[in-house]
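Okay, here's what each chain looks like letter by letter:
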Amino acid sequence: MEMNKVNADVQASDQVRSPSGFSILWREIVRDKVALISLILLILTCMFVYGISLFLDQGEIVKVDLFAIHEPPNDQFILGTDYGGRDVFGQLIIGTRNSLSIGILVTLISGTVGILLGLISGYFGGHIDNAAMRLVDFFMVLPTLMIVIVFVTIVSDYSIWSFSLIMSAFLWMGIARLIRSKALQERELDYVQASKTLGSSNFKIMFAQVLPNLSSIIIVTMTLNLAANIGIESGLSFLGFGFPESTPSLGTLISYARNPQTLEFRWWIWLPAAILILILMLAINNVGQALKRATDARQRRG
Amino acid sequence: MWKFIVRRLFVTFPQIVILSVIIFILAQMMPGDALTGLIDPNIDPAAIEEQRERLGLNNPWYVQYSDWVKGVVQGDLGQSFRYKMPVSDLIEQRMINTFWLSLLTLIFTYAMAIPLGIISGRWNDTWLDRAITGYTYIGFAAPLFITALLMVWVFGFHFGWFPTGGSVAPGLTPGTFEYFISKLQHLLLPAFSMAVITTVSTVQYLRSEIIDTKQKDFIVTARAKGAPESRVYNRHIFRNSLLPIAAFFGYEISGLIGGSIFIESIFSFPGMGQLFLDSVLLRDYSVVTSVVLIFGIAAILGALLSDIILSIVDPRIRIK
Amino acid sequence: MGKTKLMKALLALMLVLLVALAACSGDSDDGQSEGTDSGSDSGDSAEADDEGESDSESELYSIDDFNQIKTNEGEAIDGGTLTFGLVSDTAFEGTLNWNFYSGDPDAQILDWFDEALLTWDENYVYTNDGAATYEISEDGHVFTFTIGDNVNWHDGEPVTAEDWLFAHEVIGHPDYDGPRYGSDFTNIEGMEEYHAGEADTISGIKVIDDKTLEITYIQATPSLVTGSIWTYPLAKHIFGDMEVAEMSASPEVRENPIGFGPFKVESIVPGESVTMVKNEDYWRGEPNLDGVTVKVINPNVVVQELESGGVDTVSAFQVDQYPDNADMSNVEYLGRIDRSYSYIGFKLGTWDKENGEVVTDPEAKMADVNLRKAMWHAVDNTTVGERFYNGLRWNATTLIPPSHPEFHDDSNAGVSYDPEAAKQLLDEAGYVDVDGDNFRENPDGEELVINFASMSGGEVAEPLAQYYIQAWEQVGLNVQLLDGRLQEFNSFYDRVGQNGDDDPAVDIYSAAWGVGIDVDPRGLYGRDAIFNFSRYSSDKNDELLAAGVSEDAFELENRQKVYNEWQQFMIDEVPVFPTLYRSELVPVNNRVHNYYIGDGTNMYRYDIAVTQEEPIVAE
């Protein structure tokens, strides 16, 4: 839902400047049936998950019931229970919500940082650009996963927010580099030069003119990043450096499969989460790829 | 050319220094230390405290850092608190394993990616192409650890075709043929599991590159001149598309590092990734710092290598 | 692109999952029996329900049904090799010498090729059946040891009194980097002077002749004969010329370790495996097996390795895997009561670093003994043991576990599960709900929130902690997880106070202790014990603990009386309360003969034999 809001914001400013950008993206999605189905699937999942989780009480779901341990799916528990007698279905809903929220948060935070830095660096060029790019270079070569793992062991009480911040700290470079190269191209264009001679402030040119022109590429990148970020969260949880069980996520559910007994005999705990994560990532990627084609005139379908 | 390399090296050095400081501080900030694990009523706490003092674990971080740097400059990465042996020896044992794992993964990756990419690019929009792109889609979406778990389960346990842990069968003498075969056997499944995922981006890249090149003027000209189709592909298209892939291999190293952590943990493969996870859990600072630093340097050098290859392939990059 | 592609993608996905599912259900058919199949066929929900019912209602096990010694079936062959699975999710450290090792994985390997000079019986008292024998002087201070004439190192050199003395000299040396130097050593006359560098020799240890050693202890206590003597010699002819600081990293410890046990190390793959061959010159006699291979296996693959015959037996087996694999056809499960217990502790004070002792604070949040006892009444450990561990862990009653049958007071029932009694105790002590939020306030009418520190890591750690919190909520106590989550191992012990810096935020905590072979609880509950995390102390406690190791206590009956009294005293005072006793299970392949676990079986590793060359594979 946050995503939609961003889309709407960008869209509003976009329509003033270049009416074509957004309609191209939209047209491409509608043409590509797979992408359209994926998008609808995504929106439905989001609505379903966020909607239902409003009526679910996390405390209630992670409540331990000694007399309902490892129940297979039945009438009372649609997806059975885990080793604490906790309802897997409820955990799946809350877990998907948590994983999605983290993915979205990380994408937004890292995206914002990356866009700002890339834009400033590309627009001004020169020493600023040089310094910023050295920084990007440095972060690019960091063994990110390892540093995040060390970070996570240091931060003792992390929430969705702190976790997202830690991850974002190491994931903003790609988008910064991309935006910077595009901004470098843009600033040579006539409209920027014209605005400059007209006396518009750099700030205004950057955010009111250059940024909207880059909106479609930003959306494409952010969409593809979203899928990757959800994957990273579940990976960390899988290694045991993610969330505690009292905050379920798709990763914590899948990591139950590390126990061979669970993997073999109690599929209902981990399999739904594994399928869901695959479907989510497939869908997001499909949408992302369609959007990407839309921005690349050569590959556009129509 | 040389100037470019020297300049790049010049940038690389401070990167490594900053990396080492950051990692050192982070490692120090982890709660507990290597001796926390020795909670055992049979061990006298005073003895532990004495060891702590002797190992310098009670010193402030900058004192420990300068001690550590002094050692590193002399090629001494320090002592592992946990394994009670020089970190460099410990890492040497593990690095060999990770090196072979990475190498085999790369070989698998390219051995799969190049034919798949070529088939899918050359005959695009056939059913074969669709199957291949379908695989790349799933491969792109499937997290590495899910794939690896399934692999262990299906091929390791269910069919029992491959060993599911360790790097070599016990009791074999290094250097013998059996030893080599056993090593290879232990490597195949983990390397393949990782390659299945890492292949994806290369296949996608190669496919779109070939489709692009197909429509370029010089190919159209070559065709118009009546050059046979296979010659067009072998001589012109592949050469053009494959060169950048060769160059990207340096960048692959970062990906392999991340992957090795998952793979080694799932396959209980005693390499650097597993050593890292163990050391984080056991709070073996000197090992954590050294492993991350070595991986960092590997990634930095990989990027450097790729940049150099790319600059040879495509001189425009050098100007940057 | 097109619809076909997505369909294909999804189809492929489903196929992958189907393969996985097929694989899983296939296995579960093999591994499971009767009505306990937990429903890998998801077909009929009603049926699945029934199965679930039977799964959770039945299948309670008792440790009394397990043997410590393997039943032998069939005829043993000459030779053969045994594969021992060292279960560990980390590589073993490879400090393969008793004098330097610190981790359990190393100890598991050491057990095969080196041994203690003294053996002990089922009550952990030293016997005279080992490689050495001992005699105690009238006053109990002087021990004279005689090493058997045929006890030789793997390289043929005899194990001498010099070697034994040398081990003491190395461990007491200021440069020694292992964790063994402690009260066992400082109790030797002249040890502290030697350790401080004031003396060149340890005055209390005398080499009488090649095979005879005499050690004088400062304090004569019954603990001496239950594990407080250092019985591992160090080969002086090998380590004699080495700097003490370099010994633990030397190839003589890591690559070519030496011992005098039934097997000798042939080759080592660092961190992964050790191959050993028999020591024909072993002092008890030539071992039956040709050799032993020890290899590290991940806890996640234990069952598969056992089923496939990849290992004959393992060093540890998680009891929660037992119900699913109880009828594995190719193994027999051995079992015994583990020397450990889980407990919940109440923070009652702090640690005074200066004086090295606990300072009990009568004003502490948990200082009211009725509050503590009510919290014990409120938890139903019998059900916890049955539900989470299928009876393989069970309600604990006192702080001396039944693994020490001589001292565990069977007649003491501890504090029973009785929420009504808990409520009554709280009411009487003034803990009542004043503001109507369903949680009790403290006697001053202030809100009472109890912070609970619990460790992550164990298989059911999280649900277990949640269960306790819920149980306390039932009697009206507001208990919250510290920081809202489980604490990772290192931070947990840091905050509970393993360095003496107790985190004041912790009010109660749950942990577990492995008990040494010596029953003496001073190391965990004494006034000067840093591991006394509850920081409880009292004169009566001091008195009882001291009485337990006094010279009077050499009389078994006296010692039993003292410890029975102490167990009851701790139940009355509740500085901590035990929750669960544990059992240890070890599956052993059916081809193995004479295998045993635990102490006092009068069996030794050189007896172990096999009936066929290859392990039996599960049907």
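For every chain, the first residue of the written sequence is number 1, and numbering continues from 1 along that sequence. A letter from A marks each chain and a number from 1 marks each ligand, given out in the order of writing. Local features are withheld for residues below a pLDDT of 70 in this predicted model, meaning they are given only at 70 or higher, and side-chain atom pairs are given and counted only at 80 or more; totals for whole chains, interfaces and linings count all residues. In computing side-chain properties, one takes all heavy atoms of the structure into account and sets aside hydrogens as well as water.

As annotated in an unreviewed UniProt entry, chain C is Oligopeptide ABC transporter substrate-binding protein from Oceanobacillus profundus. UniProt positions are given in the numbering used here, feature names are shortened, and annotations may be inferred rather than shown by experiment. On record in UniProt, under Sequence similarities (unreviewed entry), the comment for chain C is "Belongs to the bacterial solute-binding protein 5 family."

Participant: I'd like a description of the overall build of chain A, backed by residues and values.
Facilitator: Within chain A, the regular secondary structure consists of 15 helices and zero strands. For every residue, the accessible area obtained with a 1.4 Å probe (protein chains only) is divided by the maximum for its type, and the residue is called buried under 20%, exposed over 50%, and partly exposed between those limits. The buried share among the 302 residues of chain A stands at 60%. When checking whether two residues touch, look at their non-hydrogen atoms; a contact exists if any pair is within 4.5 Å. Counted over contacts in chain A with a minimum sequence separation of 6, partners at least 24 positions apart contribute 71%. The protein chains shown are the only cover counted for residues, whose accessible areas, like all others here, come from Shrake-Rupley with a 1.4 Å probe. Carbon and sulfur atoms make up 64% of the accessible area of chain A, which amounts to about 11600 Å² in all. Note on conventions: DSSP H or I runs of at least 4 residues are helices, E runs of at least 2 residues are strands, and numbering of each starts at the N terminus.

Participant: Can you tell me about helix 11 (residues 202–213) of chain A, naming the residues and giving the values?
Facilitator: The first and last C-alpha atoms of helix 11 of chain A sit 15 Å apart over 12 residues, in line with the 16 Å expected at 1.5 Å per residue. Those residues of helix 11 of chain A not exposed but buried are A:Ile205, A:Met206, A:Gln209, A:Val210 and A:Pro212. To estimate the expected span of a helix, count its residues, drop one, and scale the result by 1.5 Å.

Participant: I'd like a rundown of the nonpolar core, residues and numbers included.
Facilitator: The biggest cluster of nonpolar side chains holds 254 residues, and the ones touching the most others in it are B:Phe276, C:Met375, C:Trp472 and C:Tyr509. The leading source of residues in this core is helix 15 (residues 267–295) of chain A, at 16 residues. Beyond its immediate sequence surroundings of up to four residues, C:Met375 is in contact with C:Phe346, C:Met366, C:Ile450, C:Trp472, C:Leu477, C:Val479, C:Ile508 and C:Phe577. Counting 77 residues, the second largest nonpolar core, distinct from the first, contains C:Ala131, C:Val151, C:Leu165 and C:Met247. Only buried Ala, Val, Leu, Ile, Met, Phe, Trp, Tyr and Cys residues count toward a nonpolar core, and they belong to the same one when joined by side-chain atoms within 4.5 Å.

Participant: Hey, could you go over the interface of chain C and chain B for me, with residue numbers and the actual values?
Facilitator: Every contact between the two is made by 61 residues of chain C and, on the other side, 51 residues of chain B. Accessible area that two parts lose when put together, with a 1.4 Å probe and added across both, is what the buried area reports. Roughly 4600 Å² is buried in total at the junction of chain C and chain B, and carbon and sulfur atoms are behind 59% of that figure. Here a salt bridge means any side-chain nitrogen of Lys or Arg lying within 4 Å of a carboxyl oxygen belonging to Asp or Glu. Scanning the region where chain C abuts chain B turns up zero salt bridges. By the criterion applied in these results, polar contacts are pairs of N or O atoms within 3.5 Å in which, for protein atoms, one can donate a hydrogen and the other can accept it, and in which residues neighboring in sequence qualify only through two side-chain atoms. At the junction of chain C and chain B, the tally comes to three residue pairs in polar contact (both at pLDDT 80 or more). Counting only elements with at least two residues in the side of chain C that touches chain B, the list comes to helix 1 (3–31), strand 6 (263–269), strand 7 (273–278), strand 8 (291–297), helix 10 (302–307), helix 16 (489–496) and strand 16 (508–514) of chain C.

Participant: Tell me about the environment of C:Leu96, and please be specific about residues and values.
Facilitator: Residue and element names in this part refer to chain C. Mapping Leu96 onto the fold places it in the loop between strand 1 (81–87) and helix 3 (104–113). For Leu96, a relative accessible area of 0% puts it in the buried group. Spatially, the C-alpha atoms of Leu96 and Thr216 are 29 Å apart, while their sequence positions differ by 120 residues. Among all residues touching Leu96, those that are not within four sequence positions of it are Asp106, Ile109, Leu110, Phe113, Val253, Pro257 and Ile268.

Participant: Give a detailed account of the sheet that holds strand 2 (residues 132–136) of chain C, specifying residues and quantitative values.
Facilitator: Picture the strands of a sheet paired through backbone hydrogen bonds; they go either parallel or antiparallel. Residue and element names in this part refer to chain C. Strands qualify as paired when DSSP identifies two bridges or more between them. Ordered in space as 2-3-5-4, the four strands form an open sheet in which the pairing is antiparallel. Among the strands making up the open sheet, the edge pair consists of strand 2 and strand 4 (205–209). Taking each pair of neighbouring strands and ignoring which way they run, the sheet shows an average axis angle of 20°. The pairing of strand 3 (residues 142–147) with strand 5 (residues 212–216) spans five bridges and is classified as antiparallel. Under this scheme, a helix contributes an axis fitted over its contacting stretch, all axes are lines through C-alpha atoms, and angles between N-to-C directions fall in the 0 to 180 degree range.

Participant: Lay out the pairing of strand 6 of chain C in plain terms, naming residues and giving numbers.
Facilitator: Consecutive side chains along a regular strand alternate between the two faces of the sheet. All names here are of chain C. In terms of strand pairing, strand 6 meets strand 7 through six bridges, oriented antiparallel. Residue pairing in the sheet places Ser267 in a bridge with Thr275 of strand 7. In textbook terms, the turn of a hairpin is the stretch between consecutive antiparallel strands, and for strand 6 and strand 7 this stretch comprises three residues, one of which, Gly271, has a positive phi near 75°.

Participant: I'd like to hear about the pattern of salt bridges, residue by residue, with values.
Facilitator: Residue and element names in this part refer to chain C. This structure, assessed with the given rule, holds 28 salt bridges over all chains. The partner of Asp502 in a salt bridge is Lys347, with the nearest N and O atoms 2.9 Å apart. On the criterion of sequence distance, the pair formed by Asp502 in the loop between helix 16 and strand 16 and Lys347 in the loop between strand 10 (331–346) and strand 11 (349–352) is long-range, its members being 155 residues apart. Residues Asp502 and Lys347 agree in their burial class; the two are buried. Residue Asp520 pairs with Arg522 through a salt bridge whose shortest N-O separation is 2.9 Å. Members of the salt-bridge network, linked through shared partners, are Arg336, Arg339, Glu584 and Asp599.

Participant: Account for the interface of chain A and chain B, naming residues and giving values.
Facilitator: Across the contact, 34 residues belong to chain A and 40 residues belong to chain B. With both chains or domains summed, chain A and chain B bury close to 3300 Å², and 82% of this area falls on carbon and sulfur atoms. Three residues, A:Phe138, A:Val141 and A:Met146, lead the burial of chain A against chain B; their summed loss comes to 19% of the area buried on that side. Our count for the chain A to chain B interface comes out at zero salt bridges. Those elements that place two or more of their residues in the side of chain A that touches chain B are helix 6 (126–141), helix 7 (144–154), helix 12 (215–239), helix 14 (260–265) and helix 15 of chain A.

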